[in-house]
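# Structural description and commentary
What follows is the residue order along each chain.
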Amino acid sequence: MTLALLVCGLVVALVLVGLFVFGLRRRLIQRSGGTFDCSLRWGLPETPDTSGKGWVYGVARYNGDRIEWFRVFSYAPRPRRVLERSAIDVVARRLPEGEEELALLSDAIILGCTHRGTRLELAMSEDALTGFLAWLEAAPPGQRVNVA
């Protein structure tokens, strides 16, 4: 009986520590500012896919001429993807369709992009989209920016 209580207490303590580390990691990512919630779908095929598969919820952070994208449900201290401003081409903008509405946040707008030849989609709120497009267009003189 005592062993069972000890094991249960240990499991509860480990779950609480895991949740605390998730929260601490997110605080550390957001500490420098310039972050926004952003779902990402990487390496898309040529044909549009509205099945809702492949979307990963994350947090994006502006860092100079790059956007660093972190998965929310991860313990990794480094970004999963890094998008360079000069390599991002915006090719489409649309609202979620079909099962995507369930996979994304309720106010999400999807931005179809390419980054160094890789097709990807970013889903973010209207406010985050406005900031993202302004950041893209604010590239230093001489850098090419393609916003559809």
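Residues numbered from 1 in each chain as written. Predicted model: local features only at pLDDT ≥ 70, side-chain atom pairs only at ≥ 80, totals over all residues. Heavy atoms only, no water.

If you check an unreviewed UniProt entry, the protein chain appears there as DUF2550 domain-containing protein from Streptomyces mauvecolor.

### Let's talk about the overall build of the protein chain
Per the secondary structure count, the protein chain includes three helices and nine strands. The N-to-C order of helical and strand elements in the protein chain reads α-β-β-β-β-β-β-α-β-β-α-β. Radius of gyration (C-alpha) of the protein chain: 19 Å, far over the 15 Å computed for a compact globule of 148 residues. Here the C-alpha coordinates of the protein chain stretch approximately 70 × 35 × 25 Å along the principal axes. Pairs at least 24 apart in sequence give 53% of the contacts found in the protein chain among residues at least 6 apart. Of the roughly 9,100 Å² that the protein chain leaves accessible, carbon and sulfur atoms contribute 59%. (Helix = DSSP H or I, 4+ residues; strand = E, 2+ residues; numbered from the N terminus. Rg over C-alpha atoms; globule rule 2.2 N^0.38 Å. Contact = heavy atoms within 4.5 Å. Areas by Shrake-Rupley, 256 points an atom, 1.4 Å probe, with all protein chains shown as cover.)

### Concerning the packing of aromatic side chains
Across all of its chains, the model carries three aromatic pairs by this definition. Plain terms: the ring middles of Tyr62 and Trp135 are 5.4 Å apart, the flat faces sit at 50° to each other, and that makes the pair tilted. Of this pair, Tyr62 sits in strand β3 (residues 58-63) while Trp135 sits in helix α3 (residues 126-137), and the two are 73 residues apart along the sequence. Overall, the relative accessible area of 23% leaves Tyr62 in the partly exposed class. Residue classification places Trp135 among the buried positions, given a relative accessible area of 11%. Following the ring pairs from residue to residue traces out a cluster consisting of Phe36, Tyr62, Phe132 and Trp135. (Phe/Tyr/Trp six-rings, centres within 6.5 Å; stacked < 30°, edge-to-face > 60°. Buried < 20%, exposed > 50% of the residue type's maximum accessible area, 1.4 Å probe, protein only.)

### Description of α3
Across its twelve residues, α3 extends 17 Å between first and last C-alpha, which sits within 8% of the 16 Å expected from 1.5 Å per residue. Turning to α3, its buried residues number three or more, namely Ala128, Leu129, Phe132, Leu133, Trp135 and Leu136. Down the axis of α3, the buried set is contained in an arc of 155°. They therefore lie on one face. Seen from the open side of α3, the exposed residues pointing more than 90 degrees away from its buried face are Asp127 and Glu137. (Expected span 1.5 Å × (residues − 1). Arc of directions from axis to C-beta.)

### Considerations on the environment of Leu19
As for its position among the elements, Leu19 is in helix α1 (residues 2-30). By relative accessible area, which is 54% here, Leu19 ends up exposed.

### Observations regarding the sheet that holds strand β5 (residues 81-84)
Strand pairing within a sheet occurs via backbone hydrogen bonds; the two strands may be parallel or antiparallel. Pairing is antiparallel across the open sheet formed by four strands, whose spatial order is β1-β3-β4-β5. Both outer strands of the open sheet, β1 (35-37) and β5, are each paired with one neighbouring strand and no more. If you compare each strand with its neighbour and ignore which way they point, the axes differ by 25° on average. As paired elements, β1 and β3 share three bridges and run antiparallel to each other. Across the sheet, residue Thr35 finds its bridge partner in β3, namely Arg61. α3 contacts β1, β3, β4 (66-71) and β5 of the sheet and is inclined by roughly 35° relative to β3. (Pairing = 2+ DSSP bridges. Axes fitted to C-alpha atoms, helices over the stretch in contact; angles between N-to-C directions.)

### Details of empty space enclosed by the protein
Applying the stated rule across the entire model yields one cavity of 30 Å³ or more. Put simply, the largest cavity is a space of about 40 Å³. Lining the largest cavity, in full, are Phe36, Cys38, Leu40, Ala60, Ile67, Trp69, Leu83, Leu122 and Phe132. (1 Å grid on protein atoms, 1.4 Å probe; cavity = no way out; pocket = protein on both sides within 12 Å on 5 of 7 lines; lining within 4 Å. Points joined across faces, edges and corners; volume = space filled by probe spheres on them.)

### Concerning the side chain of Arg61
Counting through the fold element by element, Arg61 comes out in strand β3. A distance of 2.6 Å separates a polar atom in the side chain of Arg61 from a polar atom in the side chain of Glu68. (Polar contact = N/O pair within 3.5 Å; in protein donor to acceptor, adjacent residues only side chain to side chain.)

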